[in-house]
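Observations on the three-dimensional arrangement
One letter stands for each residue in the lines below.
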Amino acid sequence: MPRMVFVERDGSRHEVEAQAGLSVLEIAHEHNIDLEGACEGSLACATCHVIVDPAWADKLTSPTDDEEDMLDLAFGLEKTSRLGCQIIMTDELDGLVVHLPKAG
């Protein structure tokens with residue numbers, strides 16, 4: 001099973017099993033990572049905003065226009081910001097690293 005790493009706001013790292021086919025948001029909730037997801041992954045908010053480690057950013061599919069519109073609402077936006085509900089885990093993403101924004 002693929003694995004991924006969540007880097008918490010305080011810098012602590014949590015490596016977790018990440019079932020292929022689940023979103024980063026679903027994986028976070030499965031492992032009690034503090035990633036809100038107020039709209040439950042329906043692409044109607046930006047509360048699952050994560051910052052993808054730059055080494056992984058080019059390995060992801062490009063964000064849709066709808067995702068980019070929602071990201072405009074996110075606090076602490078960075079070049080590699082994405083919505084966790086829109087990143088779907090695959091075997092190719094084994095080792096993916098995402099950071100939780102410092103504030104938000």
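Residues numbered from 1 in each chain as written. Predicted model: local features only at pLDDT ≥ 70, side-chain atom pairs only at ≥ 80, totals over all residues. Heavy atoms only, no water.

1. Digging into the packing of aromatic side chains
Counted under the stated rule, the structure contains zero aromatic pairs. Above the plane of the ring of Trp56 lies Lys59, whose end atom (NZ or CZ) is 5.1 Å from the centre. (Phe/Tyr/Trp six-rings, centres within 6.5 Å; stacked < 30°, edge-to-face > 60°. Lys NZ or Arg CZ within 6 Å of the ring centre and 35° of its normal.)

2. A word on the nonpolar core
Formed by 31 residues in total, the largest nonpolar core has its most connected members in Met4, Phe6, Ile27, Ile87, Leu96 and Val98. Taken together, the elements giving at least two residues each to this core come down to β1 (3–7), α1 (24–30), β3 (49–52), α3 (65–71) and β5 (96–99). When sequence neighbours within four positions are dropped, the list of residues in contact with Met4 reads His14, Glu15, Val16, Ala18, Val24, Ile27, Met89, Gly95, Leu96 and Val98. (Core = buried A, V, L, I, M, F, W, Y, C linked by side-chain atoms within 4.5 Å. Buried < 20%, exposed > 50% of the residue type's maximum accessible area, 1.4 Å probe, protein only. Helix = DSSP H or I, 4+ residues; strand = E, 2+ residues; numbered from the N terminus. Contact = heavy atoms within 4.5 Å.)

3. Concerning the pairing of strand β2 (residues 13–17)
In this structure, β1 lies alongside β2, joined through five bridges in antiparallel fashion. Paired with Val5 across the bridge in β2 is Glu15. Connecting β1 to the next strand, β2, in antiparallel fashion are five residues, including Gly11 with a positive phi near 95°. (Pairing = 2+ DSSP bridges.)

4. Focus on unusual backbone geometry
Within the chain, Asn32 stands out as a residue other than glycine whose phi angle is a positive 55°. Within the secondary structure, Asn32 is located in the loop between α1 and β3. Positive phi is not limited to glycine here, since Leu43 has a value of about 60°.

5. Quick word on the environment of Phe6
Tracing the backbone through its elements, the reader meets Phe6 in strand β1. Along the chain, Phe6 and Val24 lie 18 residues apart, while their C-alpha atoms are 9.5 Å from each other.

6. Let's talk about the state of the cysteines
As enumerated under the stated definition, the model contains zero disulfides in all. Just so you know, Cys39 is unpaired, no disulfide at all, and the nearest cysteine sulfur is the one on Cys45, 3.6 Å from it. Here Cys39 falls in the buried class, since its relative accessible area comes to 18%. Here Cys48 stays unpaired: no disulfide links it, and the sulfur of Cys85, its closest cysteine neighbor, is 3.8 Å away. With a relative accessible area of 2%, Cys48 lands in the buried category. (Disulfide = S-S within 2.5 Å.)

7. A closer look at the pattern of salt bridges
One pass over the full model with this rule turns up four salt bridges. The partner of Glu15 in a salt bridge is Arg3, with the nearest N and O atoms 2.8 Å apart. Note that Glu15 is positioned in strand β2 and Arg3 in strand β1, a separation of 12 residues in sequence. Taken together, the salt bridges that share partners define one network made up of Arg3, Glu15 and Glu17. (Salt bridge = Lys/Arg side-chain N within 4 Å of Asp/Glu carboxyl O.)

8. Focus: the sheet that holds β3
The strand order across the open sheet formed by five strands is β2-β1-β5-β3-β4, and the pairing between neighbours is mixed. Of all strands in the sheet, those with a lone pairing partner are β2 and β4 (81–83), marking the two edges. On average, each strand axis in the sheet is inclined to that of its neighbour by 35°, with strand direction left out of account. (Axes fitted to C-alpha atoms, helices over the stretch in contact; angles between N-to-C directions.)

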